[in-house]
Amino acid sequence: MSQIPLPVPTNDPSRPFFGAERSFTIRPGNTHIIGFGFDGTACFRKGTKEGPDGLRAVSEDIESYSPYLDADLEDYEFFDLGNLRLGFDEDVEAQWHHAVGDFNAIFEPLELNGTKTKILTLGGEHSISYAPIVKHLNEFPDLVLLHLDAHADLRDGFLGYHYSHASIIRRAYDHFGDDHQLIQYGIRSGTRDEYQWMKQHGTIRQSRQEFLDSVRAIAGERPVYLTLDLDYFDPSFLPGTGTPEPGGEDFHSFVSLMKILREKNFVGADVVELSPKIDPTGNSDVFAAKIVREILLTLEQSGAKA
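Reading guide: rules and limits
Residues numbered from 1 in each chain as written. Predicted model: local features only at pLDDT ≥ 70, side-chain atom pairs only at ≥ 80, totals over all residues. Heavy atoms only, no water. Pairing = 2+ DSSP bridges. Helix = DSSP H or I, 4+ residues; strand = E, 2+ residues; numbered from the N terminus. Buried < 20%, exposed > 50% of the residue type's maximum accessible area, 1.4 Å probe, protein only. Salt bridge = Lys/Arg side-chain N within 4 Å of Asp/Glu carboxyl O. 1 Å grid on protein atoms, 1.4 Å probe; cavity = no way out; pocket = protein on both sides within 12 Å on 5 of 7 lines; lining within 4 Å. Points joined across faces, edges and corners; volume = space filled by probe spheres on them. Arc of directions from axis to C-beta. Contact = heavy atoms within 4.5 Å.

J.: Could you clarify how one ought to interpret the sheet that holds strand E7 (residues 78-83) in this entry?
T.: Consider a sheet: its strands pair through backbone hydrogen bonds, and that pairing is either parallel or antiparallel. One open sheet accounts for nine strands, arranged E2-E7-E4-E8-E13-E12-E9-E10-E11; its pairing is parallel. Both edges of this open sheet fall to strand E2 (21-22) and strand E11 (204-205), since each of them pairs with a single strand only. Both E2 and E7 contribute to a ladder of two bridges, which runs parallel. Bridging across to E7, Glu-21 finds its partner in Phe-79.

Right under this line is the structure:
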């Protein structure tokens, strides 16, 4: 398939992720990484705007081979499109809308399903997930959205921001059709109203086994998208995030999910809420980069690319 030039410019990454080729074009049939470094609506500890390049910076020093999936990124071709621009307005909402507009300009004309093209978006706070999630909801009428997070993110706006990191799933749900499905796991913080909403709509899974069984039960051809807030993991493993919550999951439970998704129609993902400066040891950056490695390999191996 022919390459498609990017209609808008992007900022160069600190270095392409895991040896990916820096690209100024879309290569249909391949996986593309794009950064969205924004933390304008973060309400506790900021710093996630450095997340995309923080992930890239440590990736060169991590093995490309995953012993968990017995797969190596060196065997696949994927591309780094750089980072979305925020524009020059000092208003944070204007910055968010500028970057979302550029994301849409790049990807809206592209038929992901027909071309077997995949997108992995790196944040940034969780509000950045709106654009890629809506793109996939619009393209896949029976999409399953997997939401892994410490927080429900179901508020109808927060601190004056309609598109807040605390309302991303509510904003995504605005675009749900009758055949879309939301599955949430890892949630351990939220308002009473959010928990009542999740129970009423049947979206929350209360145990790891229940969650993994729900994913196993997804029909093999049905498209699945993952939005991963890194505070899903326990802060004892990954403290470098803006809103840490005790009681989270570990690396091996996430690998269990990847082994299941490898057998599904895994069509796209975003990884958000890494704040490199919060963890000066750099351990959180390495942990998160290995999570992204597993996601990339699973995207490459899963059904839609087979």
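J.: How should the pairing of strand E9 (residues 144-148) be read in this particular structure?
T.: The side chains of a regular strand alternate between both faces of the sheet. For E9, the tally of buried residues reaches five of five residues, placing the bulk of the element in the interior. In E9, alternate side chains face the same way, and those of Val-144, Leu-146 and Leu-148 on one face and Leu-145 and His-147 on the other are all buried. As judged from the five bridges shared by E9 and strand E10 (residues 181-185), these two strands associate in the parallel manner. What sits directly across from Leu-145, in E10, is Leu-182. Sheet topology note: the E9/strand E12 (residues 223-229) ladder contains five bridges and is parallel. Note that in E12 the partner of Leu-145 across the bridge is Tyr-225.

J.: How do you make sense of the pattern of salt bridges when you look at a structure like this?
T.: A complete count under the given rule lists twelve salt bridges for this structure. Residue Arg-171 is joined to Asp-156 by a salt bridge in which the shortest nitrogen-to-oxygen separation is 2.8 Å. Here Asp-156 lies in the loop between E9 and helix H5 (168-173) and Arg-171 lies in helix H5, a separation of 15 residues in the sequence. Take Arg-171: its relative accessible area is 4%, and that puts it in the buried class. Looking at Asp-156, the relative accessible area reads 53%, which means it is exposed. Notably, a salt bridge pairs Arg-171 with Asp-174, separated by 2.9 Å at the nearest N-O pair. According to the relative accessible area criterion, Asp-174 is partly exposed, its value standing at 48%.

J.: Explain the layout of surface pockets to me, please; I cannot follow it from the model alone.
T.: To find leftover empty space, one rolls a probe the size of a water molecule over the atoms. Looking at the second largest pocket, its volume works out to about 170 Å³. Lining the second largest pocket we find Asn-11, Gly-37, Lys-49, Glu-50, Pro-52, Asp-53, Asn-83, Leu-84, Arg-85, Leu-86 and Gly-87.

J.: How should helix H6 (residues 192-201) be read in this particular structure?
T.: Side chains of residues three or four places apart in an α-helix project in the same direction, reflecting 3.6 residues per turn. Those residues of H6 that fall on the buried side of the exposure criterion are Glu-194, Trp-197 and Met-198. Projection of H6 onto a plane perpendicular to its axis shows the buried side chains occupying an angular sector of 95°, all on one side. In H6, the exposed positions angled more than 90 degrees off the buried face are occupied by Arg-192, Asp-193, Lys-199 and Gln-200. Those residues of H6 that are buried are in contact with H5, E10 and E11. Positioned one or two residues after H6, Gly-202 has a phi angle of 65°, which is positive.

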